[in-house]
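Listed below are the residues making up each chain.
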Amino acid sequence: MQGANPANRRRFLAGTATLVATATAGCTGTAFRPGSGEGAGDPDPTGNGRLVEVSAGGEASADPDRARARLGVEAAGETAEAVRTELATDGEQLRAALSDLVPERNVRTAGYRIGERRQGTGFEGYHSYAVEIEDVDRVGEVIDRAVEAGADDVGRVGFALAPDTREELREEALADALASADREAEAIAADRGADIVETAWVSTAGGGGGRPVEGPIPEAATDAARAPTDLETGPVSVSVSVTVGYRFE
């Protein structure tokens with residue numbers, strides 16, 4: 001049996017791949033039908049033959065190379081000005097403590113608020129920072145240093161991939177999905193005594209992935225015997241789904 005030309009498929013993918021809204025990983029599906037010529041919704045608008053449509057998923061994973069944490073300080077006082085002053089002082093102290101571990105460009109304000117307490121006994125406020133950590137092995141150290149410097153809140157900690165790493169994994173997942181679609185289409189065509197002659201279209205979806213980790217606020221270290229914060233990470237996966245239309249005769 002004559003198989004589909006891989007080069008044709010790849011060229012078609014590069015020129016006409018269309019993003020759709022949702023992703024489905026790790027599954028395949030097929031639709032085998034004759035082309036019906038012109039008409040609204042016709043899967044073969046050229047009317048040049050019969051089609052087999054295959055949906056397949058691919059996945060690739062790697063260890064995370066980025067981490068994000070939300071760290072903040074809180075304050076309370078009799079006046080809004082007192083709260084503001086305390087937040088400014090504590091925030092400056094927190095950022096100074098992180099300066100040796102995190103580039104300044106990787107620390108930004110994520111939230112800031114000063115308001116009157118509900119019971120009307122003064123004011124309270126917070127200043128939280130979004131911190132990107134480029135060395136995931138130092139996440140625990142960053143958290144410990146923040147708490148030692150007076151951080152009152154350690155929010156969500158998440159692990160992710162750098163853009164270049166994510167793109168590499170997406171290409172691997174896409175190749176995996178296309179290979180699965182090829183095998184499925186060739187098996188169907190062989191069962192029907194047909195030959196695949198070309199790729200009619202390709203649509204893709206997916207490319208997202210992440211593994212957030214959440215935990216309690218660690219206590220500040222008070223002596224050398226206190227254990228440091230240790231967060232367990234796992235692979236981050238990127239999933240891609242494809243739908244491919246093959247023309248056969």
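Residues numbered from 1 in each chain as written. Predicted model: local features only at pLDDT ≥ 70, side-chain atom pairs only at ≥ 80, totals over all residues. Heavy atoms only, no water.

A look at the overall build of the protein chain
Looking only at helices and strands, the protein chain features 4 helices and 10 strands. Overall, the protein chain shows an N-to-C arrangement of helices and strands of α-β-β-β-β-α-β-β-α-β-α-β-β-β. When burial is assessed residue by residue, the protein chain has 37% of its 249 residues classed as buried. Of the contacts formed within the protein chain by residues at least 6 apart in sequence, a portion of 82% connects residues at least 24 apart. (Helix = DSSP H or I, 4+ residues; strand = E, 2+ residues; numbered from the N terminus. Buried < 20%, exposed > 50% of the residue type's maximum accessible area, 1.4 Å probe, protein only. Contact = heavy atoms within 4.5 Å.)

Examining the environment of Leu51
You can see Leu51 is positioned in strand β3 (residues 50-62). It is 9.8 Å that separates the C-alpha atoms of Leu51 and Ala189, two residues lying 138 residues apart in sequence.

Remarks on the nonpolar core
Among the nonpolar cores identified, the biggest contains 26 residues, and Leu71, Leu94, Leu98, Val131, Ile133, Val139 and Val142 are the most heavily contacted of them. Contributions of two or more residues to this core are made by β4 (66-77), α2 (80-98), β6 (123-133), α3 (139-148) and β7 (153-160). In this structure, Val52, Leu161, Ala185 and Phe248 belong to the second largest nonpolar core, which totals 24 residues. (Core = buried A, V, L, I, M, F, W, Y, C linked by side-chain atoms within 4.5 Å.)

Some thoughts on the pairing of strand β10 (residues 236-248)
Of all 13 residues in β10, 11 are buried; the element is thus mostly enclosed. Sheet analysis places β3 next to β10, joined by 13 bridges and oriented antiparallel. Paired with Gly57 across the bridge in β10 is Ser241. The pairing of strand β8 (residues 196-206) with β10 spans 9 bridges and is classified as antiparallel. Among the inter-strand pairings, Gly206 is bridged to a residue of β10, identified as Val240. (Pairing = 2+ DSSP bridges.)

Concerning the pairing of β4
In the case of a regular strand, side chains alternate between the two sheet surfaces. The sheet contact formed by β4 and β7 spans 6 bridges and is antiparallel. Its bridge partner lying in β7, Ala69 is registered against Val157. Across 11 bridges, β4 lies against β6 in antiparallel orientation. Bridge pairing in β6 places Ala75 opposite Gly125.

A short note on the confidence of the model for the protein chain
In regions of low pLDDT, the predicted coordinates are not meant to be interpreted in detail. Averaged over the protein chain, the pLDDT score is 78; the fraction of residues at 70 or greater is 72%. This model gives residues 30-47 a pLDDT under 50, and the stretch forms 33 contacts once residues within four places in sequence are excluded. (pLDDT = per-residue confidence, 0-100.)

Comments concerning the pattern of salt bridges
In this structure the tally under the stated criterion is 8 salt bridges. Here Arg138 ties to Glu141 by a salt bridge, and the two come within 3.1 Å at their closest N and O atoms. For Arg138, a relative accessible area of 30% gives the class partly exposed. Overall, the relative accessible area of 34% leaves Glu141 in the partly exposed class. Three or more residues joined by partner-sharing salt bridges are found here, namely Arg138, Glu141 and Arg145. (Salt bridge = Lys/Arg side-chain N within 4 Å of Asp/Glu carboxyl O.)

Thoughts on α2
Its 19 residues place the ends of α2 27 Å apart at the C-alpha level, agreeing with the 27 Å of an ideal helix rising 1.5 Å per residue. For α2, every residue scored as buried is listed here: Val83, Leu87, Asp90, Gly91, Leu94, Ala97 and Leu98. Along α2, the residues classed as buried sweep out an arc of 120 degrees about the axis, all on the same side. Contacts made by the buried residues of α2 are with β4, β5 (107-116), β6 and α3. (Expected span 1.5 Å × (residues − 1). Arc of directions from axis to C-beta.)

A closer look at a negative patch on the surface
A contiguous patch of negative charge, built from Asp164, Glu167, Glu168, Glu171 and Glu172, is present on the exposed surface. Looking at the secondary structure, you find Glu168 in helix α4 (residues 163-191). (Patch = residues over 30% accessible without salt bridge, like charges linked within 9 Å, V, L, I, M, F, W, Y side chains within 5 Å. Areas by Shrake-Rupley, 256 points an atom, 1.4 Å probe, with all protein chains shown as cover. Lys, Arg positive; Asp, Glu negative; His and termini not counted. Charge placed at Lys NZ, Arg CZ, Asp CG, Glu CD.)

As for α4
Relative to the 42 Å expected for 29 residues at 1.5 Å per residue, α4 spans 42 Å between its end C-alpha atoms, a close match to the ideal helical length. Immediately beyond the C-terminal end of α4, within one or two residues, lies Gly193, with a positive phi of roughly 65 degrees.

Details of the environment of Thr233
On the secondary structure map, Thr233 appears in the loop between β9 (211-213) and β10. In this structure the C-alpha to C-alpha distance between Thr233 and Pro64, which are 169 residues apart in sequence, comes to 7.7 Å.

Some points on the side chain of Ser128
Within the secondary structure, Ser128 is located in strand β6. Polar contacts involving the side chain of Ser128 include one to the side chain of Arg70, which spans 3.2 Å. (Polar contact = N/O pair within 3.5 Å; in protein donor to acceptor, adjacent residues only side chain to side chain.)

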